[in-house]
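Analysis of the macromolecular model
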Amino acid sequence: MHNLLAFLTKYYHWFIFLFLEVISGVMLFRYNSYQGSVWVSSANSVVGKVYEWESGLTQFFSLVERNEALTRRNLLLEQQVQYFQEAMADAREDSVQSLQKMMDHLGNYTFIPAKVISNSIDRPDNLITIDRGSKDGVEVDMGVACGTGIVGVVYLTGDHYSVVIPLLNTQSRISCAIRKKGYYGYVTWPGGSSVIAYVDDIPRHAKFKVGEWVETSGYSSIFPRGVLIGKIIDIDDSADGLSYRLKINLSTDFSRLRDVCVITEKDFAERLRLQEAALDSLALQRNRN
Amino acid sequence: MMLDTLRRLSVFIILCLAQALVLNRIHLFDCAIPLLYVYFAIIFPRNYPKWAILLWCFFMGVIVDAFSNTPGVASASLTLVGVLQPYLLELFLPRDFDFNVKSSVSTLGFGNFASLAAFLVSIYCLMFFLLEQYSFFNWLYWLECVVGSVLLTLVLIFPIESIRK
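Cut-offs used in this document
- Residues numbered from 1 in each chain as written.
- Chains lettered and ligands numbered in written order.
- Predicted model: local features only at pLDDT ≥ 70, side-chain atom pairs only at ≥ 80, totals over all residues.
- Pairing = 2+ DSSP bridges.
- Helix = DSSP H or I, 4+ residues; strand = E, 2+ residues; numbered from the N terminus.
- Axes fitted to C-alpha atoms, helices over the stretch in contact; angles between N-to-C directions.
- Buried ≥ 20, exposed ≤ 12 C-beta atoms within 10 Å, placed from the backbone.
- Contact = placed C-beta atoms within 7 Å.
- Nonpolar A, V, L, I, M, F, W, Y, C, P; charged D, E, K, R; others polar.
- pLDDT = per-residue confidence, 0-100.
- Expected span 1.5 Å × (residues − 1).
- Arc of directions from axis to C-beta.

Moving on: the sheet that holds strand β12 (residues 259-265) of chain A. All names here are of chain A. Read around the closed barrel, six strands run β1-β2-β5-β4-β3-β12, paired in antiparallel fashion. When the angles between neighbouring strand axes are averaged without regard to direction, this sheet yields 45°. Two strands pair when backbone bridges link them, and strand β2 (residues 128-130) and strand β5 (residues 162-166) are joined in this way by three bridges, in the antiparallel orientation. Bridge pairing in β5 links T129 to V163.

Next comes the structure, spelled out in structure tokens:
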């Protein structure tokens, strides 16, 4: 007994060491199995606050440049509006009605503006932190987009901050379609350059050209239809030769991401519930067989 | 003791913030990241309570993890460094040392301190990148990251050490 006590007092720090390593191991593996780690990530409010201060500071220094970019964009959009109005008037369509149709389509979605407070683009598993959390209505699996196109999908939410898995993450898979052609595939990013991504599973019989646009398909409830993803710059065969693999140039510049929108669908909760119910019943059936 | 703890705490906060806000953004040649906070684990004096070293290191790791969204990676590696530091310091002591000798260039001599720092930083980087990349592991990239980060970290540690008294 005495020896045991002597042994414990002499080597007790090794037990502390083992204990702390076990805690680290638990954190390491819990995080990979989804959720539960809001405390040890940048969705934690203290870390979020620090990042917010920092981004507020850096934002201030880039204001001039951003203003210029916004003005340019505004001009461009105004020209487009002008052009489309004229085109519409030419077509002699009932313009009120078509506007109504457009609003109805987008009316299902609401947008929560958010600011990016931390971002990385040079790792295989990049993550983005934004300054809106569950108290602002952000939920896991909602889509995130910015003015120039798609950004990613919400992965974790804290009270006031959330972590987003951007397109630039080897684990992200976002379903997409070729604009106006309607062939479906999904976008993945294998690492490397932050402006290049790949579209897989485009069927062999599809007809399209380099230079056409890829956009979200609207099949999943995460994104509305028609959010820009990128432009096709190369067409290649997939590894198994059964489909096409497209190289695309992303329309979003992830290295300068600042203002984004979280897209929420009004009946998001209902759709999610329905999907879960469907999965449950499938599992039930499988068990029966 | 109190004063020492306060001083250590301020170094702790400064290193965490420096890592989170500045150093984590640096990726030289796509692989080398300066991991300056390991410096915190190197400078514990001889006969500092071992449990305290472990706790300091663990919490430093947790905070760095929280800022870089890598839960468990830095904390596991830094705790390992924390448990090895007292034994390695013992190895590099000069002949005529005080009982509570500090771990710094002025007390150990440059050669000894440099070897100590190089050892601990290498152990840290080996462990850190092993855990960070274990899901899709690539030997060559792993080695590049380890070697690059060890060099970059040491390059940062020596000037800071020369400023410190």
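What follows covers the environment of G241(A). Residues and elements named next belong to chain A. Secondary-structure assignment places G241 in the loop between β10 (228-237) and β11 (243-250). When the 8 C-beta atoms within 10 Å are taken as the criterion, G241 is described as exposed. Residues G241 and R204, spaced 37 residues apart in sequence, show a C-alpha to C-alpha distance of 8.8 Å.

Okay, the sheet that holds strand β8 (residues 196-203) of chain A next. All names here are of chain A. Taken together, the six strands give a closed barrel; going around it, the order is β6-β7-β8-β11-β10-β9, and neighbouring strands pair in antiparallel fashion. Each strand axis lies, on average, 40° off the axis of its neighbour in the sheet, ignoring direction. Pairing geometry for β10 and β11, over seven bridges, is antiparallel. Across the sheet, I235 pairs through a bridge with L246, a residue of β11.

All right, on to the interface of chain B and chain A then. The figure often quoted for interface size is the accessible area lost as the parts come together. Contacts between the two partners involve 21 residues from chain B, matched on the other side by 21 residues from chain A. Going through the elements one at a time, α1 (2-21), α3 (50-68) and α4 (73-91) of chain B are the ones with two or more residues in the side of chain B that touches chain A. At eight residues, α3(B) tops the list of elements feeding residues into the side of chain B that touches chain A. Of the residues that constitute the side of chain B that touches chain A, the class distribution is 13 nonpolar, five polar and three charged.

Another aspect to go through is the confidence of the model for chain B. Scored by pLDDT, chain B has a mean of 82; 93% of the residues are at 70 or more. In the model output, the complex is listed with pTM 0.61 alongside ipTM 0.73.

Its 23 residues give helix α6 (residues 110-132) of chain B an end-to-end C-alpha distance of 32 Å, which sits within 8% of 33 Å, the value for a rise of 1.5 Å per residue. Where the residues of α6(B) are buried, they touch α2 (38-42), α4, α5 (105-108) and α7 (139-163) of chain B.

Below, the discussion takes up the pairing of β11(A). Looking at chain direction, β8(A) and β11(A) are connected through six bridges and run antiparallel. By the bridge assignment for β11(A), I196(A) is matched with N249(A).

Residues and elements named next belong to chain B. For α1, which comprises 20 residues, the first-to-last C-alpha distance of 28 Å matches the rise-based estimate of 28 Å (1.5 Å per residue) to within 8%. When α1 is considered as a whole, its buried residues turn out to be L15, Q19 and A20. Looking down the long axis of α1, one finds its buried residues gathered within 120° of arc, a one-sided arrangement. Opposite its buried face, α1 presents the exposed residues M2, L3, L6, R7, S10, I13 and I14, each directed more than 90 degrees away.

A word on the pairing of β12(A). Residues and elements named next belong to chain A. With seven bridges connecting them, strand β1 (residues 109-118) and β12 associate as antiparallel partners. Looking at the pairing, T110 lines up with T264 of β12. Pairing geometry for strand β3 (residues 143-146) and β12, over three bridges, is antiparallel. Along β12, the bridge assignment pairs G143 with I263.

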